[in-house]
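Here are the chains, one letter per residue:
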Amino acid sequence: MPGAEPLTSDEHWMQQALQQAQLAADLDEVPIGAVLVQDSRLIAAGYNRPRLSDDPSAHAEIVVLRNAGRRVGNYRFPGSTLYVTVEPCTMCAGALVHARVGRLVFGAAEQKSGAVHSTAEVLDNPSLNHRVAVTAGVLEQTCARLLQEFFQRKRGKV
């Protein structure tokens, strides 16, 4: 489109995460999507699926880490970046540390259960043996709108 600003790398990958989130919404799951990237290459993608899989741990971040582990034959991903549409919860933030993800990029804050900035600062715990760099707010409004619209539909307000 003439005059449009080119997407940054973070925006490009967040768009990919948003596509995953839409897949979740289409299946009536909470629309959260994630992708894991290393050396400018997609390693794995996934979306929220706890209801579909009867698994309370099947958050988008965990699904991506599982997919990535199977793909690369390892459970650690040093130097990788995880893009997720919503701020991770405590479980997912802990998994990022254990997986040695190098960087987290998230879109919308999660005021009720976000454990990176909103309700806790899990990744800033000085006793952890791995640090995950964090970039927040990439395509924040788009990520938040997807969630808001999903819950409005669920509540019959649309």
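To be clear, the structure that these remarks concern was listed above.
I will try to describe carefully the structure that is included in this document. (Residues numbered from 1 in each chain as written. Predicted model: local features only at pLDDT ≥ 70, side-chain atom pairs only at ≥ 80, totals over all residues. Heavy atoms only, no water.)

**Some remarks on the state of the cysteines**
Move 1: Taken as a whole, this structure holds zero disulfides when the rule is applied.
Move 2: The thiol sulfur of Cys 89 is not disulfide-bonded, and the nearest other cysteine sulfur, from Cys 92, lies at 3.8 Å.
Move 3: Overall, the relative accessible area of 16% leaves Cys 89 in the buried class.
Move 4: Free cysteine Cys 143: the closest other cysteine sulfur is in Cys 92, separated by 15 Å. (Disulfide = S-S within 2.5 Å. Buried < 20%, exposed > 50% of the residue type's maximum accessible area, 1.4 Å probe, protein only.)

**Re the pattern of salt bridges**
Move 1: Tallying each qualifying case throughout the model produces four salt bridges.
Move 2: Residues Asp 10 and Arg 103 are paired through a salt bridge, measuring 2.6 Å at the closest nitrogen-oxygen approach. Of this pair, Asp 10 sits in helix H1 (residues 9-26) while Arg 103 sits in strand E4 (residues 103-108), placing them 93 residues apart in sequence.
Move 3: Judged by relative accessible area, Asp 10 falls into the buried class, the value being 16%.
Move 4: You can call Arg 103 partly exposed: its relative accessible area is 23%.
Move 5: One salt bridge in this structure joins Asp 28 and Arg 51, with 3.4 Å as the shortest N-O distance. (Salt bridge = Lys/Arg side-chain N within 4 Å of Asp/Glu carboxyl O. Helix = DSSP H or I, 4+ residues; strand = E, 2+ residues; numbered from the N terminus.)

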